[in-house]
Amino acid sequence: MRILLLDIETAPHKVYSWGIWNQDINPDNIIEQGYTLSWAAKWYGQKQVMYNSIHDSSRKKMVREIYALICDADAIVHYNGTKFDMPILNQEFLFDSLDPPTSYANIDLLKTARKQFRLPSNKLDYVAQYLGLGSKFKHKGMSLWHDCMDGCPKAWAIMKRYNKQDVNLTEKVYEVLLPWIDNHPNWGHFVDGQRLTCRNCGSDRVKKNGIERKTTVPYQRYRCQKCGAPLKGRTMLKDQPQPSTR
Ligand SMILES: [Zn+2]
């Protein structure tokens, strides 16, 4: 399974506003619509973090590069990417008259964090620190975005480190949350042969782990010995167990 980790940074909309609190801004008052500043991405299991931005290349080239990576991916791991990164990138593809990217599975770690736990904050920075995995790259705040939009090279260098660190952090969080992702695309579909395969990590080190009796039909349960995911056999217990899971 080709798993791509991805994160984008965007510029805010520039608008005319009569006030600063609780504003309802009419689209007529948009001076400049927000846009994608940069992206960082990494193939899971590979070291290199790829990156491009409107500072390092043209907007069009930046968009084409991430489009090609997305089209190569079977699954994309992100943090809130279902609502943020992927729709924004789709909008960039639409603007450039690109076809919709090849279909991929979304692995949104924010959704897993919200569903499975009750942390006081589900922000990537908080979750990563809670798990002892490090933190986001520290920067001076919103003025970094202002400086990038003004083309300041020093600000862009920081943005690059910040964007890339987000992808590294997302990968670390992915590895820890892996057994908790209950809708992970099934590795069993990507492995040849009839051996039992962990849905979440692709390992064949799975052990029998009791019997599931949620319906009238019992199923064999398994536990992945590599990532710890709880798994369920695909066939009724009377039959021979077949590959894969949950
Ligand atoms: Zn596993």
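Since the structure is predicted, the reported quantities are computational estimates derived from the model, not experimental observations. Residue indices begin from 1 for each chain and proceed along its sequence in written order. Totals for whole chains, interfaces and linings use every residue, but because this is a predicted model, local features are given only for residues with pLDDT of at least 70 and side-chain atom pairs only at 80 or more, for both listing and counting. Only hydrogens and water are set aside; all other atoms, that is, all heavy atoms of the structure, feed into the side-chain values.

## Brief notes about the pairing of strand E7 (residues 105–108)
Sheet topology places strand E6 (residues 75–78) next to E7; 4 bridges connect them, and they run parallel. Pairing of Val77 across the sheet is with Ile107, part of E7. Think of it like this: strands point away, you trace from the first strand over the helix to the second, and a clockwise trace means the crossover is right-handed. What counts as a helix is a DSSP run of H or I of at least four residues, what counts as a strand is a run of E of at least two, and both are numbered from the N terminus. Crossover E6 to E7 through helix H2 (residues 85–95) is right-handed. When DSSP locates at least two bridges between a pair of strands, those strands are taken to pair.

## Observations regarding the coordination of the zinc ion
Note on the zinc ion: its protein donors are Cys198 (SG), Cys201 (SG), Cys224 (SG) and Cys227 (SG). The metal-donor distances range over 2.3 Å. Distances decide who is a donor: an N, O or S atom must be within 2.8 Å of the metal, or within 3.2 Å for Na, K and Ca. Water is not included, so sites may look incomplete. Irregular is the default label, applied whenever a site is not tetrahedral (four donors, all angles between 85 and 135 degrees) and neither square planar nor octahedral (four or six donors, opposite donors over 155 degrees apart, all other angles between 65 and 115). Seen from the zinc ion, its 4 donor atoms lie at angles of 105 to 114 degrees, and the figure they make is tetrahedral. Positions of the donor residues of the zinc ion, expressed as sequence spacing, correspond to C-x2-C-x22-C-x2-C. Judged by relative accessible area, which is 0%, Cys198 ranks as buried. We call a residue buried when its accessible area falls under 20% of the maximum for its residue type, exposed when it is over 50%, and partly exposed in between, using a 1.4 Å probe and counting protein chains only.

## Remarks on the nonpolar core
Definition of nonpolar core: a set of buried residues of the types Ala, Val, Leu, Ile, Met, Phe, Trp, Tyr and Cys, connected through side-chain atoms within 4.5 Å. Ranked by size, the top nonpolar core spans 44 residues in total, and within it Leu109, Met159, Val173, Tyr174, Cys198 and Cys224 carry the most contacts. Going through the elements one at a time, strand E1 (3–11), strand E4 (35–43), E6, helix H3 (109–116), helix H4 (124–130), helix H5 (142–149), helix H6 (153–177) and strand E9 (219–224) are the ones with two or more residues in this core. Considering each element in turn, this core owes the most residues, 9 residues, to H6. Contacts are assigned to residue pairs with any non-hydrogen atoms lying within 4.5 Å of each other. Setting aside its immediate chain neighbours within four residues, Met159 contacts Glu9, Leu37, Ser38, Tyr51, Leu144, Trp145 and Cys148. Formed by 20 residues, the second largest nonpolar core is a distinct cluster that contains Leu4, Trp43, Ala73 and Leu89.

## Observations concerning the pairing of E6
Neither face of E6 is exposed, since Ala75 and Val77 on one face and Ile76 and His78 on the opposite face are all buried. Bridge count between E1 and E6: 3 bridges; the pairing is parallel. Among the inter-strand pairings, Leu5 is bridged to a residue of E6, identified as Val77.

## What to know about the sheet that holds strand E10 (residues 230–236)
Ordered in space as E8-E9-E10, the 3 strands form an open sheet in which the pairing is antiparallel. Every interior strand has two partners, whereas the edge strands, strand E8 (206–212) and E10, have only one. For this sheet, the mean angle separating the axes of adjacent strands, direction not counted, is 35 degrees. Relative to E10, E9 runs antiparallel, the two sharing 4 bridges. Axis lines are fitted through C-alpha atoms, for helices just across the contact stretch, and the angle between N-to-C directions can take any value from 0 to 180 degrees.

## Some thoughts on the environment of Leu6
Here Leu6 shows up in strand E1. Those residues in contact with Leu6 that sit more than four places away from it in its chain are Ala40, Ala41, Ile66, Ile70, Ile76, Val77, His78, Asp85, Met86, Leu89 and Val167.

By themselves, these figures tell us nothing about what the structure is for.
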